[in-house]
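# Chains, contacts and geometry: an overview
Here's the letter readout for the chains.
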Amino acid sequence: PSLLHTGPKRTVAFLSVPLGVQLTRGPDGYVRVKSVSSKPTVVRRGDDIRVGDVVLKVADIDMSRPSTSEMWATTVAFVRNAPRPITFVVASGVVSIEAEQVRLGRERVAAAQQKAEAKRQRLERFAAAQQEAEAERQRLKQERAAAAQRKAATERQRLEKE
């Protein structure tokens with residue numbers, strides 16, 4: 001099932017070089033209309049274009065799927081350099097319940113991964129501290145054994161002198 005539900009499609013032809021619209025790639029990857037200029041120097045023909053509209057086609061190029069950052073950069077360059085008139089097919093876009101569930105699922109997975117990573121780091125620090133403590137216990141044990149040997153040797157020497 002599609003994660004994006006759209007309203008009726010509308011066709012807008014841009015005749016002037018300044019399109020009079022700003023586009024943005026949303027966090028979901030869909031290209032949307034960010035702002036629309038009302039300047040009289042902008043020439044459009046056809047249906048209305050509104051802030052929030054999803055761009056489905058640009059000059060017969062399908063834009064109805066989420067785009068990557070690289071695809072977005074190519075789209076921006078194409079739109080800027082394309083000859084006029086250039087035609088957009090747009091529609092009002094509403095994210096579906098499924099898309100919201102996917103987003104929430106990703107957030108939960110990311111939170112669980114962060115929690116697991118933090119726990120792993122704590123366990124590593126605990127294990128390192130245990131190794132250091134064991135090494136210190138061994139060092140002290142050797143020190144006590146050496147001190148006991150020195151004391152015994154000193155006692156033997158004292159007894160031999162007597």
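We now turn to the structure provided with this report. The model shown is predicted, which means the values in this text are computed figures rather than measured ones. Just so you know, the residues in each chain are numbered from 1, in the order the chain's sequence is written. Per-residue local features are limited, in this predicted model, to residues with pLDDT of at least 70; the limit for side-chain atom pairs, both in listing and counting, is 80 or more; totals at the level of whole chains, interfaces and linings are taken over all residues. Only heavy atoms go into the side-chain values, all of them from the structure, while hydrogens and water stay out.

Quick look at unusual backbone geometry now. Each neighbour pair has its own omega, and for R84 with P85 the value is 5°, a cis peptide bond. Strands are runs of DSSP state E lasting at least two residues, helices are runs of H or I lasting at least four, and both sets are numbered from the N terminus onward. Tracing the backbone shows P85 in the loop between α1 (69–81) and β8 (86–95). The phi torsion at A59 lies on the positive side, around 50°, for a residue other than glycine. Inspection of the secondary structure puts A59 in the loop between β6 (53–58) and β7 (61–62). Judged by its relative accessible area of 33%, A59 is partly exposed. A positive phi is found at D60, a non-glycine position, where the angle reads about 65°. Checked against the element boundaries, D60 lands in the loop between β6 and β7. Relative accessibility thresholds used throughout: buried, under 20% of the residue-type maximum; exposed, over 50%; partly exposed, between the two (1.4 Å probe, protein chains only).

Attention now goes to the pattern of salt bridges. Just to be clear on terms, a salt bridge is a Lys or Arg side-chain nitrogen sitting within 4 Å of an Asp or Glu carboxyl oxygen. One pass over the structure, following the stated rule, counts 9 salt bridges. The closest approach of N and O atoms between R65 and D62, which form a salt bridge, is 3.6 Å. Take R65: its relative accessible area is 60%, and that puts it in the exposed class. Between R120 and E124 there is a salt bridge whose closest N-O contact spans 2.3 Å. One end of the pair, R120, and the other, E124, are both in helix α2 (residues 97–161), 4 residues apart, so they sit about a helical turn from each other. Through salt bridges with shared partners, a single ionic network connects E117, R120 and E124.

None of the figures reported here should be taken as evidence of function without further support.
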